[in-house]
Structure formats: C-alpha cells, structure tokens
Amino acid sequence: QLQLQESGPALVKPSETLSLTCTVSGGSIRGNNIYWGWIRQPPGGAPEWISTGYYTGDTYYIPSLRSRATMSVDASKNQFFLKLHSVTAADTAVYYCARRGGTTFFDYWGQGSLVTVSS
Amino acid sequence: QSALTQPPSASGSPGQSVTISCTGSSSDIGAYNYVSWYQQHPGKAPRLMIYEVTHRPSGVPDRFSASKFGNTASLTVSGLQADDEADYYCSTYAGLDTYGGVIFGGGTRLTVL
C-alpha cells in the first residue's frame, strides 16, 4: 500500500523559507507517468494545488506561487520536497503531499503537515 | 484561473439522496472531462471519491455517483449514512501551463440529519 508522509518545521518566521519533505513508501517514486504534488489548505479553507513534479525533475506550479515555490525530487531516497520562500501569514496552512494518479486527480495523500507562519 | 462555485452546505436524512453542484465555466469544467470529487472528514486528508467526471476509485461505494452537464458538475450521494457527513470538494484542470494542475471549489459541508 502506497504511503506518503510529510515532515518539516511546524513554525516558520515571516520572510523566511518553508521547507517540507515528503517520503514515499510502498512504491517507487520513479513510476512511469506517475507525478507527485503538493497541495495546501488554509485553516477553514479549501485545498489549493501548489505544484506537480516528475522524478526526472520536471516541475509545474500554480502561477500565483511560481516565483516563490520550488519543488524537487530525490528519486534515490524516494522523497520529494517543497520550498516556499519569503513566507507571510497567508502561507499558514496544512501542507499535503500527494500522488497524481492520472490526468488531474490525486489518489494518495499524506496525512498533512500544519505549518504556521508567525514571529 | 477561474473559481469553482459550490453551495456552502447541503443536508439530508439517513437513507435519502443529496446532490452537490460545482459550477465552473466553459474554460474549465465545460472544456474537459477532468472533474474530480474529494471527501474530507475533520482533521483528515482529502479522499478521492470520483475522477474524470464519473469514475469511482476502488473502494468507493457505488452510492457515490457523479455527472457533468455543460459548465456544472454534480456529485450525488445516495442512501445517506452517518459517515458521509464531511466536506466535499470538486476540482478540475487548472490549464495548459500547469500540466495537470488543478483548481478546487470552495467546498460543501454535507450534514446528515
């Protein structure tokens, strides 16, 4: 059974960089035509897709975060990462990593990691 | 990116059916058969219930069905059960420059009376 697990600091100061790791187990991150993604959900709000990436390093971002977000993949460790630079309180959210199962849906999700941006 | 509009709430009694709508535009829902639906219980991650408009992943009860007409997609939950009480989000393709990225609706809280 495929499992995903987010990890990273729960508290980040304004203007600093949010860094998260997603560890994939029960399957290879190198799957043919399998993409991986980051989605966040502010408290009481709807999910927001952030980025999608492939094990080769190809990455795609929501236009509104393209200048601040960086997604990368380490296939040797079966992990992928998210960095979000210059954070503000508006970036406070539960961050999920997920597998894109086909065209535009996410079929396996991590449990989520709450990140609070505060001084 | 356009927004997807969902009613904030819906409700039904056990055993009844309830339908949740998701309205987009001719650029998203109307243009592609890429509508998905997610169920989310409090404190849990979203769970994929429907993909590509009508398809159910393995393990999702057939009480959950969905459709699309024009720019509006719909999720129907039949034979309501207590555990169906949750938030439901629709999503669809975000556009060519995002290579499979998605946009989500604002969510509908389903209450089982």
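Our structure is the block above this text.
All of the points below concern the structure found in this document.

The rules behind these values
Residues numbered from 1 in each chain as written. Chains lettered and ligands numbered in written order. Predicted model: local features only at pLDDT ≥ 70, side-chain atom pairs only at ≥ 80, totals over all residues. Heavy atoms only, no water. Helix = DSSP H or I, 4+ residues; strand = E, 2+ residues; numbered from the N terminus. Rg over C-alpha atoms; globule rule 2.2 N^0.38 Å. Contact = heavy atoms within 4.5 Å. Buried area = accessible area lost by both parts, 1.4 Å probe. Polar contact = N/O pair within 3.5 Å; in protein donor to acceptor, adjacent residues only side chain to side chain. Nonpolar A, V, L, I, M, F, W, Y, C, P; charged D, E, K, R; others polar. Buried < 20%, exposed > 50% of the residue type's maximum accessible area, 1.4 Å probe, protein only. Pairing = 2+ DSSP bridges. Core = buried A, V, L, I, M, F, W, Y, C linked by side-chain atoms within 4.5 Å. Axes fitted to C-alpha atoms, helices over the stretch in contact; angles between N-to-C directions. Phe/Tyr/Trp six-rings, centres within 6.5 Å; stacked < 30°, edge-to-face > 60°. Lys NZ or Arg CZ within 6 Å of the ring centre and 35° of its normal.

1. Topic: the overall build of chain B
- Looking only at helices and strands, one finds 0 helices and 9 strands in chain B.
- Tracing chain B from N to C terminus, the helices and strands come up as β-β-β-β-β-β-β-β-β.
- Radius of gyration (C-alpha) of chain B: 13 Å, near the 13 Å computed for a compact globule of 113 residues.
- For chain B, the spread of C-alpha atoms along the principal axes amounts to about 40 × 25 × 25 Å.
- Nonlocal contacts in chain B, meaning residues at least 24 apart in sequence, comprise 55% of its contacts between residues at least 6 apart.

2. Description of the interface of chain B and chain A
- If you look at the interface, chain B gives 22 residues, while chain A gives 22 residues.
- Roughly 1,900 Å² of surface becomes buried between chain B and chain A when both sides are summed, with 62% attributable to carbon and sulfur atoms.
- Summed over the shared surface of chain B and chain A, the result is 8 residue pairs in polar contact (both at pLDDT 80 or more).
- Looking at the side of chain B that touches chain A, the elements that each hand over two or more residues are β3 (36-40), β7 (86-93) and β8 (102-104) of chain B.
- In terms of residue count, the dominant contributor to the side of chain B that touches chain A is β3 of chain B (3 residues).
- Here the side of chain B that touches chain A is built from residues that sort into 11 nonpolar, 8 polar and 3 charged.

3. Focus on the pairing of β7 of chain B
Residue and element names in this part refer to chain B.
- Among the 8 residues that make up β7, 8 are buried, leaving the element largely enclosed by the rest of the structure.
- Bridge count between β3 and β7: 5 bridges; the pairing is antiparallel. Within β7, the residue paired with tryptophan 37 across the bridge is cysteine 90.
- Pairing geometry for β7 and β8, over 3 bridges, is antiparallel. Bridged to threonine 92 within β8 is isoleucine 103.

4. Section: the nonpolar core
- Within the largest apolar cluster, 39 residues are counted, with the highest numbers of intra-cluster contacts made by Trp36, Trp38, Phe80 and Tyr95 of chain A.
- The dominant element in this core, judged by the number of residues it contributes, is strand β9 (residues 93-100) of chain A, at 5 residues.

5. What to know about the sheet that holds strand β6 (residues 72-77) of chain B
All names here are of chain B.
- As summarised here, the arrangement of the 3 strands in space is β2-β6-β5, forming an open sheet in which the pairing is antiparallel. The outermost strands of the open sheet, each flanked by one partner alone, are β2 (18-23) and β5 (64-69). Shown here is a sheet whose adjacent strand axes are inclined to one another by a mean of 20°, direction ignored.
- Note: β5 against β6, 6 bridges, orientation antiparallel.

6. Focus on the packing of aromatic side chains
- Taken as a whole and judged by the stated rule, the model has 13 aromatic pairs over all chains.
- A centroid spacing of 5.6 Å and a plane angle of 75° characterise the contact between tryptophan 109 of chain A and tyrosine 38 of chain B, whose relative ring orientation is edge-to-face. Placement of tryptophan 109 of chain A in strand β10 (residues 106-109) and of tyrosine 38 of chain B in strand β3 is noted, with the two residues assigned to different chains. With respect to class, tryptophan 109 of chain A is no different from tyrosine 38 of chain B; both count as buried.
- Aromatic rings pair up to connect Tyr96, Phe106 and Trp109 of chain A together with Tyr38 and Phe104 of chain B into one cluster.
- The ring centre of tyrosine 35 of chain A lies 4.4 Å from the NZ or CZ of arginine 100 of chain A, which sits over that ring.

7. Considering the sheet that holds strand β3 (residues 18-25) of chain A
Residue and element names in this part refer to chain A.
- As summarised here, the arrangement of the 4 strands in space is β1-β3-β8-β7, forming an open sheet in which the pairing is antiparallel. Only two strands of the sheet have a single neighbouring strand rather than two, namely β1 (3-7) and β7 (69-74). For this sheet, the mean inter-axis angle between neighbouring strands, taken without regard to orientation, is 20°.
- Across 6 bridges, β7 lies against strand β8 (residues 79-84) in antiparallel orientation. Each residue of the ladder has a partner; that of aspartate 74, found in β8, is glutamine 79.

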